[in-house]
Amino acid sequence: MPASSPFVPRLGSAGRLALAALCGLAVAWGAAPAAAQGKLEAQYEATLAGIPVGKGVWNIDIGEDVFAATASGGTSGLLKSIANGSGTGASQGRVVNGALVATSYQASTTTSKKTEQIHISLDKGNVKEFGIVPEPPVDPDRIVVTEAHRRGVWDPMTASLLRVAGTGDPLSAEACKNSAPVFDGRMRYELKLDFKRMETVKAEKGYKGPVVVCAMYFVPVAGYIPDRPVIKYLAAQRNIEVAFAPIAGTRILVPFWLKVPTPLGPAMLEATSFITSAQPPKVAKTQ
């Protein structure tokens, strides 16, 4: 499963199986243009069967011609004493005709045993160069990621931004009519959405309003070991849901919460603070 989410550091076997799907925060969709400029400052809490197990922050800044997204997080509560871990992630790129075009992605995860760093360089959706430090050992059972698998993809951080085309309300059933290819430095997979319902949410701080809830399906393509229990479990799931909320001033939606059923109880990642604001366009200086 993707190891790139800073909200879910690598854990012991039980915690890894239960929370791996939270890495599905990386949802990427279509090439519909984004619009305007906006910012998001959000805080999230991860729980397992209602018990807090992790916290994270996510900042997104969409400018007139560049964008940046950063996230960090770590284990908390009881899990921290069992499997302490933390992680960071970041993506940067250009805004071209309203569309977000990533040029680089970095992620780092740290546990009591080791630190791993991943970097990806992209050019118009194609991976130019990538690496993992330390380099993981070769596993003959892992399905090889080919050059073709690294073309026309999104990095996990940029992939978390759902762009909705058109001029109508972006919070609609149309937002969920999407699927996308993702490459996280190790795995190539597809994430697919289907519309479920509309809801209203209220963060402890910040956003209060509607969200569009989509079903999410994980389809592994390459870079994974088929016999791994986590892969089998997530690929078979039909009850993963993600709720999207808007970044003010844009047609971009981001996950407000993500729910994943697990053998240990429901795993959930939910925003406790979701502060978003539209940014005024730059005014050209006159001579």
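Residues numbered from 1 in each chain as written. Predicted model: local features only at pLDDT ≥ 70, side-chain atom pairs only at ≥ 80, totals over all residues. Heavy atoms only, no water.

Within a regular strand, side chains alternate between the sheet's two faces. By the alternation rule, side chains of strand β6 (residues 115-123) split into Glu116, Ile118, Ile120 and Leu122, which are all buried, and Thr115, Gln117, His119, Ser121 and Asp123, of which none is buried. Where strand β5 (residues 99-111) meets β6, seven bridges bridge the pair, whose relative direction is antiparallel. From the neighbouring strand, Ala107 faces β6, where its bridge partner is Ile118. If you look at the hairpin formed by β5 and β6, you'll find three residues sitting between the two strands. The sheet contact formed by β6 and strand β7 (residues 126-133) spans seven bridges and is antiparallel. When the bridges of β7 are listed, His119 appears paired with Gly131. (Buried < 20%, exposed > 50% of the residue type's maximum accessible area, 1.4 Å probe, protein only. Helix = DSSP H or I, 4+ residues; strand = E, 2+ residues; numbered from the N terminus. Pairing = 2+ DSSP bridges.)

Before going further, it helps to spend a moment on the state of the cysteines. Overall, the coordinates contain one disulfide when judged by the stated rule. Each disulfide pairs two cysteine sulfurs, and for Cys176 the partner residue is Cys214, the sulfurs being separated by 1.9 Å. With the S-S dihedral at roughly -70 degrees, the linkage between Cys176 and Cys214 falls on the left-handed side. Taken as a pair, Cys176 in the loop between β8 (162-163) and β9 (179-183) and Cys214 in strand β12 (residues 208-222) lie far apart in primary sequence, 38 residues in all. Under the relative-accessibility criterion, Cys214 is labelled buried at 0%. (Disulfide = S-S within 2.5 Å.)

Considering all chains together, one arrives at seven salt bridges under this definition. A salt bridge links Glu147 to Arg150; the nearest nitrogen and oxygen atoms lie 3.2 Å apart. Here Arg150 falls in the buried class, since its relative accessible area comes to 14%. One salt-bridge network, held together by shared partners, links Lys196, Arg197, Glu199 and Glu241. (Salt bridge = Lys/Arg side-chain N within 4 Å of Asp/Glu carboxyl O.)

This part covers helix α4 (residues 229-236). For α4, the complete set of buried residues consists of Val230, Ile231 and Leu234. Along the axis of α4, the buried positions cluster into a sector of 100 degrees, meaning they face one direction only. The exposed set on the far side of α4, more than 90 degrees from its buried face, consists of Pro229 and Ala236. (Arc of directions from axis to C-beta.)

So, about the packing of aromatic side chains. Two descriptors summarise a pair of aromatic rings, namely the distance from one centre to the other and the angle between the planes of the rings. This structure, assessed with the given rule, holds six aromatic pairs. Both rings, one in Phe130 and one in Phe183, keep their centres 5.1 Å apart while their planes meet at 85 degrees; by these two values the pair is edge-to-face. One end of the pair, Phe130, is in strand β7; the other, Phe183, is in strand β9, and 53 residues separate them in sequence. By relative accessible area, which is 2% here, Phe183 ends up buried. Consider the rings of Tyr207 and Phe256, whose centres lie 6.4 Å apart with planes at 55 degrees: the pair is tilted. Of the two residues, Tyr207 sits in the loop between β11 (205-206) and β12 while Phe256 sits in strand β14 (residues 252-260), which places them 49 residues apart along the sequence. (Phe/Tyr/Trp six-rings, centres within 6.5 Å; stacked < 30°, edge-to-face > 60°.)

Relative to β5, strand β4 (residues 85-96) is paired through twelve bridges, and the arrangement is antiparallel. Within β5, the residue paired with Val95 across the bridge is Leu100.

Chain-level statistics for the chain give a pLDDT mean of 84 and a share of 82% at 70 or above. Low pLDDT, under 50, characterises residues 1-35; the predicted model gives this stretch 139 contacts beyond four residues in sequence or across chains. (pLDDT = per-residue confidence, 0-100. Contact = heavy atoms within 4.5 Å.)

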